[in-house]
Amino acid sequence: MVLYLRTVFIFFRAFLIQKKAKLLDEFSSTFRVQINDTDIPTFDGMSNGRYFNLMDLARIEHVIRIGLLKKMRQNHWFILVGWQSIRYAKTLRTFQKFTIRSRILCWDEKWFYVQQEFESGGEVYAIGMVRALFRRESGNIPPSEVVAAIGYSSPSPAMPASICNWMRMEEQLLSPK
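Quick notes on the rules
- Residues numbered from 1 in each chain as written.
- Predicted model: local features only at pLDDT ≥ 70, side-chain atom pairs only at ≥ 80, totals over all residues.
- Heavy atoms only, no water.
- Helix = DSSP H or I, 4+ residues; strand = E, 2+ residues; numbered from the N terminus.
- Buried < 20%, exposed > 50% of the residue type's maximum accessible area, 1.4 Å probe, protein only.
- Contact = heavy atoms within 4.5 Å.
- Expected span 1.5 Å × (residues − 1).
- Arc of directions from axis to C-beta.
- Salt bridge = Lys/Arg side-chain N within 4 Å of Asp/Glu carboxyl O.
- Core = buried A, V, L, I, M, F, W, Y, C linked by side-chain atoms within 4.5 Å.
- Phe/Tyr/Trp six-rings, centres within 6.5 Å; stacked < 30°, edge-to-face > 60°.

Draft legend 1. Examining the environment of Phe112 more closely. The residue Phe112 is located in strand β4 (residues 112-120) in this model. A relative accessible area of 5% means that Phe112 is categorised as buried. In contact with Phe112, not counting residues within four places along its chain, are Ile104, Cys106, Trp107, Val130, Arg131, Ala132, Phe134, Pro143, Val146 and Val147.

Draft legend 2. Structural detail: unusual backbone geometry. Unusually for a residue other than glycine, His76 sits at a positive phi of about 60 degrees. For His76, the location among the structural elements is in the loop between α3 (68-75) and β2 (78-88). By relative accessible area, which is 63% here, His76 ends up exposed. Even without being a glycine, Phe95 presents a positive backbone phi close to 75 degrees. Along the chain, the position of Phe95 falls in the loop between β2 and β3 (97-107). The class of Phe95 is partly exposed, set by a relative accessible area of 47%.

Draft legend 3. Molecular detail of helix α5 (residues 161-174). Compared with the 20 Å implied by 1.5 Å per residue over 14 residues, the 20 Å span of α5 between its first and last C-alpha is a close match. All of the buried residues along α5 are Ile163, Trp166 and Glu170. Down the axis of α5, the buried set is contained in an arc of 60 degrees. They therefore lie on one face. For α5, the exposed residues set more than 90 degrees away from the buried face come down to Ala161, Glu171 and Gln172. If you follow the buried residues of α5, they end up packed against β2, β3, β4 and β5 (123-136).

Draft legend 4. Representation of the pattern of salt bridges within the structure. Inspection of the entire model under this criterion finds seven salt bridges. Among the salt bridges present, the one from Glu123 reaches Lys90, with a minimum N-O distance of 2.8 Å. Pair noted here: Glu123 is in strand β5 and Lys90 is in the loop between β2 and β3, with a separation of 33 residues, a long-range link.

Draft legend 5. Inspection of the nonpolar core at higher detail. One finds Met46, Leu68, Leu92, Phe98, Phe118 and Phe134 to be the most contacted residues of the largest nonpolar core, which totals 35 residues. Counting only elements with at least two residues in this core, the list comes to α2 (48-65), α3, β3, β4, β5 and α4 (143-149). No other element matches the seven residues that α2 contributes to this core. Non-local contacts of Leu68, meaning those with residues more than four positions away in its chain, are made with Val63, Trp77, Phe134, Val146 and Ile150. Trp83, Cys106, Trp111 and Trp166 belong to the second largest nonpolar core, which has nine residues in total.

Draft legend 6. Examining α3 more closely. Regarding α3, the residues found buried are Leu68, Leu69 and Met72. Looking straight down α3, one finds its buried side chains confined to an arc of 100 degrees; they lie on one side. Positive phi appears at His76, one or two residues downstream of α3, with a value of about 60 degrees.

Draft legend 7. Here's a closer look at the packing of aromatic side chains. Under the counting rule described, the total for this entry stands at nine aromatic pairs. Taken together, a centroid distance of 5.0 Å and an interplanar angle of 75 degrees make the contact between Tyr51 and Tyr88 edge-to-face. One end of the pair, Tyr51, is in helix α2; the other, Tyr88, is in strand β2, with 37 residues separating them in the sequence. Judged by relative accessible area, which is 2%, Tyr51 ranks as buried. Their ring planes at 10 degrees and their centres at 4.7 Å tell us that Trp83 and Trp166 sit as a pair that is stacked.

Below is the structure:
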């Protein structure tokens, strides 16, 4: 239930409170660890699965702030996550306030690559990497078409070495033994 309330709050915040953003801007979404975000029975630290849920909400907020949600609704597009991973550095404790700092790193012919950092008090608690694509009923939408829909015409930033290494790791994991 709380995720539904957080989703409503994200829409409210993105549409009414926060300023519009540009595609490659780093953007921040602030949350607080709630009781139902924690591991049972200790209720002490945020559950590892909840990080992914909150990463989704932060990406939704970015889609709204860059003006892409309207285009998605008009064109019946939706987002699919192809792969995501997270590196936990510290535990976010119950009721601790934190910020997810998200940014699109780059894209290729199919995928967008997004980095999301969980920060509190100037310290990084976790770093997530996400590979996602846009899709319509007839198939995948090239990222160049997605970014053009919001008036962005520049090419993708160069792919960071971290993304190249991540892709190599995926190839190794999925290759036949």
